[in-house]
Structure formats: structure tokens, C-alpha cells
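Chain by chain, the residues run as shown.
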Amino acid sequence: MSLSRRAFVHAVGVGGVGLLSSEVIAARGREAFAGLDAGTIGAVLQGTAKRDLIKLNANENPYGPGPSALDAARGVLGPKSGRYPANGPGLAGAIARNFNIEPANVLVGTGSGEVIQAAVAAFTSPTRHLVVASPTWEDPGRTAQRLKHPVKIVPVDAALKMDLSGMAAAAKGAGLVFLCNPNNPTGTVHSIANVTKFVEQVLASSPETTILLDEAYYDFVVDPSYATAVPLAMKYPRVFVTRTFSKVHGMAGLRVGYAIGHPDTLKAIAPFKTGSTNVVSLAAAAASIQDTAHIAKQRDQIRTSLEATVRTFADLGCKASDSQGNFILVDVKRPAKEFRDACEKMGVAIGRDFPPLTNYARITIGTADEMRVANEVFKKVLSTARATTASGA
């Protein structure tokens, strides 16, 4: 390997390996606006009702962990939390059973972000570049840049989908390809047939390249052509899949994720991991992955609110991407920063800019009641802006 674990930590910095503000990781497992009537919503829009900021900016699941996960977490609080965790064997076993694979095919991390950062360090170098789409989740690219490893960036196409042909061409001689499917922030997906073709093309033209297929938003997908790439990871040693408990499982504040792949690939990544999971996170995750009914309920709740939000923007003349995640990316036909600032003044925080799509706003889907308020805010902000433009002010 071209970089030691100590050098990796020094290059990335402590802040880059998992420290997040308490506001970002704080669980919001409650209905912040449960039972609001039309009058109260009107007061919110007029700025005369006090309430917490609606946070639709971090792709969290606002409903929080399910009952089985919470019960499991409570069960280890007490004497058991006085012991260091056996960093993942129980959770690795639960994950393995879920996918009908062996525990040796599972690597547990403090969020999938830790595993992805470690993979960038393990497989890229000053002579082996990283390939990413643009826009996509920025962390892999930022990690490579901090390590002074080259990055090849391939823009998404007109449908806001990753350009698989362009990425395959850029992959020749690469150390690592990062393919986020569904992609964040666009929410678009590629079918399993297209992903399989892409993987086989890259491995044929560049057999020393490793391919990371990130499935953080897997559980939200409704596109019937989509399927997990775990079978590809089991077939090809140079391919692995990452998942997280931060999304549909509602455990962003507990920091648990994992990779699935060939044992030798995971062993190459492991020395670059810098965190350590805790007994509460491990217990909650092991319970949550088995709670298929809760996962299905979360998917359906969030999908219903997502589709309602897409309709809100469509009625305002703004087109959203075909999102298969728990967020949308919508063309607000003005600099997204202007729209974001106006929404925040009215109590709704939405996502950051994702260049080069600077007129597109990413909006995480909150609870049903949060979205009822947020959609009224979006209507007011865009209608006010349209009226101002029409008047020439």
C-alpha cells in the first residue's frame, strides 16, 4: 500500500474522519409539527409562530430508529457498556445472514463514510487516480484531494444520470471508481443490467482497478430495473458494495455502515479505518437490519411525501429529478442559494449547492407534517420570486 494509516490520518485530519456537529447527527425521531392545522401553518408562513427549524438538508431519516433497534440499544446500556465492543462480529454475522454470505465478506465501519474514505486511501495513489461523477457525494473526491491523489471527474448527463460510458473510459489505469447508485444528490439510478455491463467493461479494460458501488439509498428505490450489486461483489474480487444505517434505518446519529466484498479486498481497506463502533450502535444495527416491516414502512412513508413534494414543484413549473432516494433535486430556475436563503428565513433548511448544477436545490424528505409545512414555504418563496420578477422590481 502506498500510504500508511498514520499518514492517512495526518493527511485527512481528525475532522475529516467522522467528527460532525451535534446538530447534524442529532436524532429527530419525532413529528416536529404533528397536528398542525391550517391556521398554525399560516402563522408559520407569516413568521409569527415559533418552532424549530425544519432540517431538510442532510438526507437523514427524521423518523429515527425503529422500535426493535431502540429496544436493542436500551438492552446493552448498563454493565455491558462498560466493556469495549468486539468491533462488529455480531453485526457482521447479522449482515451476512441477511445477504446469505459469510461474515468474512463483511467489514463494519463507523458509518459507510469511514469505509469509503479508507478505500480511497487503500486503492488510490499519486499514480492511480480516483474516478467520480459530478455531481456526486463529495467525500471520496475530497479525501483523494487531501491525500494529493489525482481525481478524474465525469459530469452527469442531461437526465442527471451518471455517464457510465464516460466513467468507464476514465477508469483505465484508475485505482478506484466510486459509483453512487442511487446517486446523491441527483437521486437517479442505473439498472442492474447497466451496472453489470459497466463493471465488466471496467474490469476488462483495467483489471487492476477496484470498483466501489455505494448503495446508501438502496431501500428507497422503486425503479423495477434496479437491484443490489452485492452479487457482483461476490463474483468479482475487485468489486465491493457499501451500505449505511444512516438512511432508511434512521441511525445517522449512531454512525454505523459496512462494506460487502471479497475478504482480501476488505483486508486491504481495514488498516485505513480510523474509528471504532460502540456497543449501542452495534446492537441497534443488528436488530434493525432484521426489521423488514419497519424498513418497508419507512420507505412507503417517505416515498409518499417525496411524490407530494415533486407535485408541489411541478405545479410551480419546476422539474425535479427522477429521485430514487429520500431526497429530490429540483431546478428552481434561479441560483439555489437565493432559494435556500429565502427558505431558511421562513424556517426550512435545505441542502447545499452541488456545482455545476447551481440552479438545482436538494431537498431531503422530512416527516409528513414537516413536509406539509415545507411545501407551503416552497410555494410562497417561489410565488413571491415570480411575482417580483414579473413586476420588474
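Our subject is the structure listed above.
Residues numbered from 1 in each chain as written. Predicted model: local features only at pLDDT ≥ 70, side-chain atom pairs only at ≥ 80, totals over all residues. Heavy atoms only, no water.

### Topic: the packing of helix 6 (residues 112-123) against helix 7 (residues 139-146)
In contact at an axis separation of 9 Å, helix 6 and helix 7 are set at 40° when each is read in the N-to-C sense. Judged by the angle between their axes, helix 6 and helix 7 are oblique. Taken as a pair, helix 6 and helix 7 cross one another with a handedness that is right-handed. Taken together, the residues of helix 7 that come into contact with helix 6 (itself represented by Gly-113, Ile-116, Gln-117 and Val-120) are Asp-139, Pro-140, Thr-143, Ala-144 and Arg-146. (Axes fitted to C-alpha atoms, helices over the stretch in contact; angles between N-to-C directions. Helix = DSSP H or I, 4+ residues; strand = E, 2+ residues; numbered from the N terminus. Parallel < 35°, antiparallel > 145°, perpendicular 65-115°, else oblique. Left-handed = near helix turned anticlockwise from the far one by under 90°. Contact = heavy atoms within 4.5 Å.)

### Quick notes on the side chain of Ser-281
Mapped onto the secondary structure, Ser-281 falls in helix 12 (residues 279-288). Note on Ser-281: relative accessible area 0%, which makes it buried. There is a polar contact of 2.6 Å between the side chain of Ser-281 and the backbone oxygen of Leu-254. Ser-281 has contacts with Met-251, Leu-254 and Val-256, leaving out every residue within four places of it along the chain. (Buried < 20%, exposed > 50% of the residue type's maximum accessible area, 1.4 Å probe, protein only. Polar contact = N/O pair within 3.5 Å; in protein donor to acceptor, adjacent residues only side chain to side chain.)

### Considering the environment of Ile-192
On the secondary structure map, Ile-192 appears in helix 9 (residues 192-205). Look at Ile-192 and you get partly exposed, because its relative accessible area is 25%. With 11 residues separating them in the primary sequence, Ile-192 and Asn-181 have C-alpha atoms 9.9 Å apart. Setting aside its immediate chain neighbours within four residues, Ile-192 contacts Ser-225, Tyr-226, Ala-227, Thr-228, Ala-229 and Leu-232.

### Some details on the side chain of Thr-110
Relative to the helices and strands, Thr-110 resides in the loop between strand 2 (106-109) and helix 6. You can call Thr-110 buried: its relative accessible area is 17%. If near-sequence neighbours (up to four positions away) are discounted, Thr-110 is found in contact with Arg-255, Val-256, Gly-257, Gly-275, Ser-276 and Thr-277.

### Comments concerning the pairing of strand 3 (residues 130-134)
Most of strand 3 is tucked away, with 5 of its 5 residues classed as buried. Neither face of strand 3 is exposed, since Leu-130, Val-132 and Ser-134 on one face and Val-131 and Ala-133 on the opposite face are all buried. Two elements, strand 3 and strand 4 (residues 151-155), share 5 bridges in a ladder whose sense is parallel. Within strand 4, the position partnered with Val-132 by the bridge is Ile-153. Crossover handedness for the path strand 3 to helix 7 to strand 4: right-handed. By the bridge criterion, 2 bridges tie strand 3 to strand 5 (residues 176-180) in an arrangement that is parallel. Its bridge partner being in strand 5, Leu-130 is matched across the sheet by Leu-176. (Pairing = 2+ DSSP bridges. Right-handed = clockwise from strand over helix to strand, strands pointing away.)

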